Amino acid sequence: MGGNGIRRRGLMLVLSSPSGAGKTTISRLLLESDDNLALSISVTTRPKRPDEVDGRDYRFVDPAAFAKMRQAGELLENAQVFGYDYGTPLAPVESALAEGRDVLFDIDWQGARQLVDAAPNDLVSIFILPPSSAELHARLRRRAQDPDDVVAERMRRAPDEISHWNEFNFVVVNRDIQESVGSVRAILAAERLRRERQIGLPDFVRRLCEDL
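None of the values given here were measured: they were computed from a predicted structure.

Visitor: For the sheet that holds strand E9 (residues 170-173), give the residues involved together with the corresponding values.
Guide: With respect to topology, 5 strands assemble into an open sheet ordered E2-E7-E1-E8-E9, the strand pairing being parallel. Strands at the two margins of the open sheet, each flanked by one partner only, are strand E2 (37-39) and E9. Between one strand and the next, the sheet's axes are offset by a mean angle of 25°, whatever the strand orientation. By the bridge criterion, 4 bridges tie strand E8 (residues 123-129) to E9 in an arrangement that is parallel. What sits directly across from Ile128, in E9, is Val172.

Visitor: Mind laying out the environment of Ala79, listing which residues take part and the relevant values?
Guide: In this fold, Ala79 is placed in strand E5 (residues 75-81). Assessed through its relative accessible area of 7%, Ala79 is described here as buried. Along the sequence, Ala79 and Asn4 sit 75 residues apart, while their C-alpha atoms lie 37 Å from each other. In contact with Ala79, not counting residues within four places along its chain, are Tyr84, Asp85, Tyr86, Asp108, Gln110, Gly111 and Gln114.

Visitor: How would you sum up the nonpolar core? Please name residues and give values.
Guide: Core analysis: the biggest nonpolar cluster contains 19 residues, and Leu13, Leu15, Ile26, Leu30, Ile126, Ile128 and Val184 have the highest contact counts within it. Taken together, the elements giving at least two residues each to this core come down to strand E1 (12-16), helix H1 (23-33), E8 and helix H7 (177-192). For this core, the element with the highest residue contribution is H7, accounting for 4 residues. Not counting chain neighbours up to four residues away, the residues in contact with Ile26 comprise Leu15, Ile128, Asn174, Ile177, Ser180, Val181 and Val184. The next biggest cluster of nonpolar side chains, apart from the first, holds 17 residues, and it includes Phe105, Ala112, Ala119 and Phe168.

Visitor: How would you sum up the sheet that holds strand E3 (residues 43-44)? Please name residues and give values.
Guide: Judged by pairing direction, the sheet is mixed, and its 4 strands sit side by side in the order E4-E3-E6-E5 without closing on themselves. In the strand order of this sheet, the two ends are held by strand E4 (59-60) and E5, each with one partner. Its contacts with the sheet put helix H3 (residues 90-98) on E5 and strand E6 (84-89), and the angle it makes with E6 is roughly 35°.

Visitor: Which residues make up H3, and what values go with them?
Guide: Taken residue by residue, H3 has Val93, Ala96 and Leu97 as its buried positions. Each buried residue of H3 sits inside an arc of 100° when the element is viewed along its axis, so together they form one side. Looking at H3, the residues exposed on the side facing more than 90 degrees away from the buried face are Ala91 and Ala98. On its buried side, H3 packs onto E1, E5, E6 and strand E7 (102-106). Backbone geometry just after H3 places Gly100 at a positive phi near 85°.

Visitor: Tell me what's going on with the packing of aromatic side chains, and back it up with residues and numbers.
Guide: Considering all chains together, one arrives at 3 aromatic pairs under this definition. Relative to Tyr86, the ring of Tyr58 has its centre 5.8 Å away and its plane inclined at 65°; by these criteria the two rings are edge-to-face. Taken together, the positions of Tyr58 in the loop between E3 and E4 and Tyr86 in strand E6 put the pair 28 residues apart, joining distant regions of the chain. Overall, the relative accessible area of 18% leaves Tyr58 in the buried class. For Tyr86, a relative accessible area of 18% translates into the label buried. In textbook terms, an aromatic cluster arises when at least three aromatic residues are bridged by ring pairs, as seen for Tyr58, Phe60 and Tyr86. The ring of Phe82 carries the charged tip of Arg154 above its face, separated from the ring centre by 4.6 Å. Geometry around Phe82 places Arg157 over its ring, the cationic atom sitting 4.6 Å from the centre.

Reading guide: rules and limits
- Residues numbered from 1 in each chain as written.
- Predicted model: local features only at pLDDT ≥ 70, side-chain atom pairs only at ≥ 80, totals over all residues.
- Heavy atoms only, no water.
- Pairing = 2+ DSSP bridges.
- Helix = DSSP H or I, 4+ residues; strand = E, 2+ residues; numbered from the N terminus.
- Axes fitted to C-alpha atoms, helices over the stretch in contact; angles between N-to-C directions.
- Buried < 20%, exposed > 50% of the residue type's maximum accessible area, 1.4 Å probe, protein only.
- Contact = heavy atoms within 4.5 Å.
- Core = buried A, V, L, I, M, F, W, Y, C linked by side-chain atoms within 4.5 Å.
- Arc of directions from axis to C-beta.
- Phe/Tyr/Trp six-rings, centres within 6.5 Å; stacked < 30°, edge-to-face > 60°.
- Lys NZ or Arg CZ within 6 Å of the ring centre and 35° of its normal.

This is how it looks when you write it as C-alpha cells:
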C-alpha cells in the first residue's frame, strides 16, 4: 500500500558505486529511517568479515552451494567481484514487490546490469560517486577492513567501475553523507508515486468518479 492509501507494486532500489564511495553507509541510513524498505540479502562465497552477521549482511555459502543455486535459476542476478561470487535470491524479492514493499540492493554495476535485463519496470538505479580520488582512497583507509594490497586493488579497479555511471537512472556525488541520503530519499519518494507502480489507481479513480 502506498503512502496515499492506494495499492502499489514495490520497486527495486539499486545503489552501486566503486568500493569506498559510500553506498553501504547510505543504504544503512535509508533502512534505519524507512519501514517500507528492506535490504536484499545477497548470497556470497566471500569470507565473513569480523563485524558481519550471516543472514543480516550476507548469506555466506561455499562455491558448490552457490553454483547449485545459479544452475537452478534461483538467482535474480549474480556476478564475480574480486574473485568471489555474489548473487540475489529471486523468491524473496518477488514476494516483497508483490506485497508493495520496496527492496534495496547494494550491488556492483555487473549485478545492476543483470537486474535491468531481468526486471526493467521494477528497477530504480542510482550510482554513487566519490567527490575525488583522494577522498576515495582516504575512505578505504579509514574503513580499515582490508589489508593494503586489497585497498590498492580496489583503487586500481575504481576507474573501470566508475566508467559505468551512465548506465544508471540517477547519479549522486557523495560529498556529504546526510545530503546524499536526502537525495536518495527524494528519488525514492518520487519513484513510489510513478503512475505505473500505483496498480490500485484504476479502481481508486473509478470510485472517485462514481462519487462525484
